[in-house]
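As a plain string of letters, each chain reads:
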Amino acid sequence: MDLVKEIKRLKKEKNAVILAHYYQIAEIQDIADYVGDSLGLSQKAAETDADVIVFAGVHFMAETAKILNPTKTVVLPDLNAGCSLADSCPPDSFEKFTKQHPDHIVITYVNCSAEIKALSDIVCTSSNALKIVESVPKDTPIIFAPDKNLGKYVIKETGRDMLLWDGSCIVHEAFSMDKLIELHKKYPDYKIIAHPESEEHILNTATYVGSTSGMINYVKEHQEEKFIVATEAGILHKMQQEMPNTELVPAPAVEDNTCACSECHFMKMNTMQKLYDCLLNESPQIEVPEPIREKALLPIERMLELSK
């Protein structure tokens, strides 16, 4: 079976749209209607007129699409495609934490469950975290969750004193400083660019720190440069497609894997076969209980409004 042909046929038949994250496998990125970072994907999910949204990403992303589109069918190729960062913030513990600091405004990074979003005042992504934090009056204390590394980066950039939840992404914490130094010795004229979910010592080595779309745009603006890229390695596919002559090397991970770079196991759970199956069967579907959806919608809409 020609999966590409069949997916395109089903997509047309069902008036479906395929939204894919930059960390998906190359074949899925190539067949998607839109490839982007969390902010771009949230914006596309909010404005789509498709009847079926196929979310090639991880669970919290598909949940966000469902929160924005309660009457549409939202499917995820693999229901087990979770997120280590979202898992690091259990709703019960987080609710207790917020209740201990009732005077704080709660800003949560989009990489969290619908239940956590429902406990939030505003949601942010790595693309707009600085803007969102700076939109809060200076005398208002802030809780920032769940990513402590992104939180530390925002504190450094804005000078705001924030209370951080102790969560992190295993992919972005997997970069090896020793291996990065060795790699830089091998490629001394390559500039390091990094995602703000990475640890501080990695960010301190970077010429540019930004979201996945920010990193792509930076490389686009500096195509004559050469880069070591410190984020999930899936981003290199889109970068290389858009900038075929720019030399790119993935930053090395601590563990020895086949590509010696950092890959998200959850993002790579989605395959072309699963994409076809979920479109064919319109399953597995993402459901969000209405009371949680209504509460979670408000902070997402505030983010989208501030991101215009």
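Rules used throughout
- Residues numbered from 1 in each chain as written.
- Predicted model: local features only at pLDDT ≥ 70, side-chain atom pairs only at ≥ 80, totals over all residues.
- Heavy atoms only, no water.
- UniProt positions renumbered as here; feature names shortened; annotations may be inferred.
- 1 Å grid on protein atoms, 1.4 Å probe; cavity = no way out; pocket = protein on both sides within 12 Å on 5 of 7 lines; lining within 4 Å.
- Helix = DSSP H or I, 4+ residues; strand = E, 2+ residues; numbered from the N terminus.
- Contact = heavy atoms within 4.5 Å.
- Core = buried A, V, L, I, M, F, W, Y, C linked by side-chain atoms within 4.5 Å.
- Buried < 20%, exposed > 50% of the residue type's maximum accessible area, 1.4 Å probe, protein only.
- Pairing = 2+ DSSP bridges.
- Axes fitted to C-alpha atoms, helices over the stretch in contact; angles between N-to-C directions.
- Points joined across faces, edges and corners; volume = space filled by probe spheres on them.
- Nonpolar A, V, L, I, M, F, W, Y, C, P; charged D, E, K, R; others polar.

Draft legend 1. Inspection of the UniProt feature "binding site: iminosuccinate" (unreviewed entry) in the protein chain at higher detail. On the UniProt side, "binding site: iminosuccinate" (unreviewed entry) is annotated at positions that read H21, S38, Y109, V110, N111, S126, H195, P196, E197 and T212 here. As for the lining of the largest cavity, the annotated residues named previously contribute S38 and V110. With respect to the helices and strands, the residue Y109 is situated in strand β5 (residues 105–109). Here H195 lies in the loop between β9 (190–194) and α11 (200–203). The residues contacting H195, other than those within four sequence positions of it, are Y23, Y109, S126, H172, L203, V209, G210, S211, T212, M215, A230 and T231.

Draft legend 2. Looking closely at the nonpolar core. One finds I107, V229, I235 and M239 to be the most contacted residues of the largest nonpolar core, which totals 97 residues. Once residues within four sequence positions are removed from consideration, M239 is found in contact with I193, M215, I216, V219, V229 and L248. With nine residues, the next largest nonpolar core counts F97, C112, I143 and A145 among its residues.

Draft legend 3. A look at the sheet that holds strand β7 (residues 142–145). The sheet built from four strands is open, its strands ordered β6-β5-β7-β8 with parallel pairing. Each edge of the sheet is formed by a strand with only one pairing partner; in this case those strands are β6 (122–124) and β8 (162–164). Put simply, the sheet's adjacent strands are angled 30° from each other on average, direction ignored. Both β7 and β8 contribute to a ladder of three bridges, which runs parallel. Looking at the pairing, F144 lines up with L164 of β8. Relative to β7, helix α6 (residues 91–99) is tilted by about 165°, and along the sheet it contacts β5, β7 and β8.

Draft legend 4. Structural view of helix α14 (residues 272–281). Within the span of α14, buried status applies to M272, L275, Y276, C278 and L279. On its buried side, α14 packs onto α1 (3–13), β1 (16–21), α2 (26–31), β3 (52–56) and β4 (73–75).

Draft legend 5. Structural context of the UniProt feature "binding site: [4Fe-4S] cluster" (unreviewed entry) in the protein chain. Under the UniProt annotation, "binding site: [4Fe-4S] cluster" (unreviewed entry) lies at C83, C169 and C264. Spatially, the listed residues are clustered: although they cover 182 residues, their C-alpha atoms lie within 9.4 Å of one another. By the secondary structure assignment, C83 is in the loop between β4 and α5 (84–87). For C83, a relative accessible area of 12% puts it in the buried group. Apart from the residues within four sequence positions on either side, C83 is in contact with V58, F60, N111 and F266. If you trace the backbone, C169 turns up in the loop between β8 and α10 (177–186). Contact partners of C169, with chain neighbours within four places excluded, come to S84, L85, D147 and E197.

Draft legend 6. Broad picture of empty space enclosed by the protein. The full count for this structure, using the stated rule, is one cavity of 30 Å³ or more. The volume enclosed by the largest cavity comes to roughly 60 Å³. Every residue lining the largest cavity is listed: S38, L41, S42, A45, F55, F60, M61, T64, A65 and V110. Residues that form the lining of the largest cavity fall into these classes: seven nonpolar, three polar and no charged.

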